[in-house]
Amino acid sequence: MSGDDTQEKQNYLRQKIMDAGYDTNAFVEFLIEKKGDEGADVANWSLPDLKDVVQEFIALNGGNDANEDNNQQQQQQEEEKNESNETNDEQKENKQQYQQQNNKSNECNYGILTNNTIHCEKAAIGEISNCDNIQITVGSFEKVEGKIFSKAYVSYLITTLPFNWNVRRRFSDFEWLRQHLVANYSYCLIPSVPKKSKNLTKMVGANYDNEFLAKRSRNFEKFLNYIIIDPILKNTQVVYDFLSMTKDDEFQKMKKTADKVKNPAFSVSKAVTIDGNANIEITENKEKYLNEIKDGSVQNENILKKINATIKALKEDLNNAVEKLSDISRNFTIMKDNAIKFKENNSVVQSYVEMSSMFENFSLYLSRQRNLIFVDLKEYFKFVKNNFRSMKDFVHKTENLKNTFYKSFKNLKIKKEELYRKQEVNKWDLDPKDTSIDKNSIATNKNLALEKMLHKETLQVNYQKVVYGFYLNRIINEHERMRLINGNYHLKNCIKMLEIETNNSTNFISALADNTSNLRKNQKSE
């Protein structure tokens, strides 16, 4: 290969891969998969072959480079039409012929795949695969002092039943687990983990906040219990190691080993499902369901924003009410002291005592209501909001794949129809390896021609359809699964908050009953 040719190929790669923001390491791995170790050297690729593999890589990663090329080619075709010297009659005749041919080719699929499933990786069967009653708790937390080469951190005790695994993990371990799962299982719905605190003293300071860490423990627990009920994620080696590997040095070593494994470009055939088959069927009903999921996610997110705004406004009102009720209680206490000072009747003194107590109980009751709203309810809504956001991100990715596929498919059909109309068979890019193609007769068989021509671009569009179909079915399955899971989660949290409120109300009513009883006793003694 000449130096000029190498420079041209490098410039092409720089424009299509680096400047477009694709993962260069993933692209190199993709080249090696295609041609072995020598694939990593640009000198071992011809420019046409390199362009083909670049377009294939972009198609697998949801890009639209092929669309841009198609648009440019369409534009060029339009310019050729405008520059032609055909008469109006000839143009009219060509249009009529095109319409007649198009009507005859309604049954043609233009070479696009029609199968509904493809083979992929089957989920590994492990110790926890067939266990459906796994319960994970994130309990006690403790501060671990820093050493020469390490900072202080907080570790959380994770207990997994019924296996009786007990391990300790730090914040960065949870963060790593989620990042790893997102990178390798983007087709699964993965909940978020608590964000890293900006105020590090809350976590590792001399007087770190136990309430803050307890809240973080509960969120970690929810995260892990969501992961462990996912039939795909629960069978991954990293989840198993995260829950069962007791020696921290071994666990940290495992993380480093896992990080060294470079993630290849996404391929549905490498995705993991329970039975080793990937559903890629695209139907009108499924796409309608996708739109319903999208609309529902947006609506729920907006509702949660309104609730959050209302809670913020309510917080100030409750704070004022608590303070004012306490102020009334204090004033009754002052009146009680004055009554004693001026030797008022005992009934007056006792009335002031009970009134002070009653308003203090009111204040205490509202204070507990405030905690219920700003701690338990807010924490509940925050986790629900994060789940909505995860689903929204999933929908957004699927929508992008959908738009990319349909745009590419539309351009492909237009280009094929135009190529057939011109009858320039030498430009049809027929697959030289397809022995079923008879170049002498294919020009008269429109359906066959539209199916077989532009086999490289057709392959790219097929890849886009497979990826979109896979994600479409995955998001529907995940949404259905999460509906059942979220139902139980919502019930559990609502019951918890109602129990707290019942206890608060019972204590408040009991306190008021005591106030009434004390006054009645005093009334009888007078």
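Residues numbered from 1 in each chain as written. Predicted model: local features only at pLDDT ≥ 70, side-chain atom pairs only at ≥ 80, totals over all residues. Heavy atoms only, no water.

**A few points about the overall build of the protein**
- A count of helical and extended segments in the protein gives 14 helices and seven strands.
- Burial status across the protein gives 41% buried among its 526 residues.
- For the protein, restricting intrachain contacts to residue pairs at least 6 apart in sequence, the fraction spanning at least 24 positions comes to 78%.
- Of the roughly 30300 Å² of accessible surface on the protein, a fraction of 49% belongs to carbon and sulfur atoms. (Helix = DSSP H or I, 4+ residues; strand = E, 2+ residues; numbered from the N terminus. Buried < 20%, exposed > 50% of the residue type's maximum accessible area, 1.4 Å probe, protein only. Contact = heavy atoms within 4.5 Å. Areas by Shrake-Rupley, 256 points an atom, 1.4 Å probe, with all protein chains shown as cover.)

**A closer look at unusual backbone geometry**
- A cis geometry characterises the amide bond from Leu161 onward to Pro162, with omega recorded as 10°.
- Within the secondary structure, Pro162 is located in the loop between β4 (153-161) and β5 (165-170).
- Backbone geometry at Tyr110 places phi at a positive 60°, although glycine is not the residue there.
- Within the element layout of this structure, Tyr110 appears in the loop between α5 (88-104) and β1 (117-119).
- Phi at Gln423 takes a positive value of approximately 60°, unusual for a residue other than glycine.

**Observations regarding empty space enclosed by the protein**
- Counted by the stated rule, this structure contains one cavity of 30 Å³ or more.
- Forming the walls of the largest cavity are Leu189, Pro191, Tyr226, Asn387, Ser390 and Met482.
- Each residue belonging to the lining of the largest cavity can be placed in one class, and the counts come to four nonpolar, two polar and no charged. (1 Å grid on protein atoms, 1.4 Å probe; cavity = no way out; pocket = protein on both sides within 12 Å on 5 of 7 lines; lining within 4 Å. Points joined across faces, edges and corners; volume = space filled by probe spheres on them. Nonpolar A, V, L, I, M, F, W, Y, C, P; charged D, E, K, R; others polar.)

**A few points about the pattern of salt bridges**
- Applying the stated criterion across every chain yields a total of 18 salt bridges.
- Across the pair Glu399 and Lys294 runs a salt bridge whose closest N-O atoms are separated by 3.7 Å. Placement of Glu399 in helix α12 (residues 346-422) and of Lys294 in helix α11 (residues 284-341) is noted, with a sequence separation of 105 residues between them.
- By relative accessible area, which is 36% here, Lys294 ends up partly exposed. (Salt bridge = Lys/Arg side-chain N within 4 Å of Asp/Glu carboxyl O.)

**Overview of the layout of surface pockets**
- Looking at the largest pocket, its volume works out to about 1600 Å³.
- Pro194, Lys195, Asn219, Lys382 and Asn386 are, among the 48 residues lining the largest pocket, the residues nearest its centre.
- For the lining of the largest pocket, the secondary-structure elements that each account for two or more residues are α6 (171-184), α8 (210-228), α11 and α12.
- Considering every element that reaches the lining of the largest pocket, the biggest residue donor is α12, with 16 residues.

**Some thoughts on the sheet that holds β5**
- If you walk across this open sheet you meet the three strands as β3-β4-β5, and the pairing is antiparallel. Two strands lie at the open edges of the sheet, namely β3 (135-144) and β5, each paired on one side alone. Here the strands of the sheet are splayed against their neighbours by 25° on average, with no regard to which way each runs.
- In the sheet, β3 pairs with β4 via eight bridges, with the strands oriented antiparallel. Residue Glu142 lies in a different strand from β4, and its bridge partner there is Ser155.
- Sitting on the sheet, α6 touches β4 and β5, and the angle it makes with β5 is about 95°. (Pairing = 2+ DSSP bridges. Axes fitted to C-alpha atoms, helices over the stretch in contact; angles between N-to-C directions.)

**So, α6**
- A rise of 1.5 Å per residue sets the reference length of α6, with its 14 residues, at 20 Å; its end C-alpha atoms lie 20 Å apart and thus fit the reference within 8%.
- The inward-facing, buried residues of α6 contact β4, β5, α8, α9 (237-244) and α10 (248-260). (Expected span 1.5 Å × (residues − 1).)

**Things to note about the side chain of Arg481**
- Tracing the backbone through its elements, the reader meets Arg481 in helix α14 (residues 455-525).
- A polar atom in the side chain of Arg481 sits 2.9 Å from the side chain of Asp230.
- Excluding anything up to four places from it in sequence, Arg481 contacts Ile229, Asp230 and Pro231. (Polar contact = N/O pair within 3.5 Å; in protein donor to acceptor, adjacent residues only side chain to side chain.)

**Some thoughts on the pairing of β4**
- Strand direction decides the pairing type here: β4 and β5, joined by six bridges, are antiparallel. Across the sheet, residue Ser155 finds its bridge partner in β5, namely Arg170.
- From the end of β4 to the start of β5, which pair antiparallel, there are three residues, and Asn164 there has a positive phi angle of about 60°.

**Some details on the environment of Ser46**
- Along the polypeptide, Ser46 turns up in the loop between α2 (24-35) and α3 (47-60).
- On the basis of relative accessibility, which here comes to 24%, the residue Ser46 falls in the partly exposed class.
- Spatially, the C-alpha atom of Ser46 lies 9.2 Å from that of Thr6, the residues being 40 residues apart in sequence.
- Polar side-chain contacts of Ser46 include one of 3.1 Å to the side chain of Asp49.

**Digging into the nonpolar core**
- By size, the foremost hydrophobic cluster in this structure holds 89 residues, and its most contacted members are Tyr187 and Leu224.
- With near-sequence residues (within four places) excluded, Tyr187 lies in contact with Ile232, Phe266, Ala271, Val272, Phe394, Phe470, Tyr471, Arg474 and Glu478.
- Judged by nonpolar contacts, the second largest core, of 16 residues, contains Phe30, Leu50, Phe57 and Ala265. (Core = buried A, V, L, I, M, F, W, Y, C linked by side-chain atoms within 4.5 Å.)

**Let's talk about a positive patch on the surface**
- On the surface, Lys195, Lys215, Lys305, Lys312, Lys315, Lys378, Lys382, Lys385 and Arg389 cluster together to form a positively charged patch.
- When contributions to the positive patch are tallied by element, the ones reaching two or more residues are α11 and α12.
- Counting residues per element, the positive patch draws most heavily on α12, which supplies four residues. (Patch = residues over 30% accessible without salt bridge, like charges linked within 9 Å, V, L, I, M, F, W, Y side chains within 5 Å. Lys, Arg positive; Asp, Glu negative; His and termini not counted. Charge placed at Lys NZ, Arg CZ, Asp CG, Glu CD.)

**Remarks on the confidence of the model for the protein**
- Across the protein, the average pLDDT comes to 82, with 85% of residues at 70 or higher.
- Per-residue pLDDT, averaged within each element of the protein, yields its smallest value for α5 (42) and its largest for β5 (95).
- In this model, residues 90-106 is a region of pLDDT below 50 whose contacts with residues beyond four sequence positions or in other chains number 17 contacts.
- For the stretch residues 200-207, pLDDT sits under 50, and the model shows 18 contacts to residues farther than four places along the chain or on other chains. (pLDDT = per-residue confidence, 0-100.)

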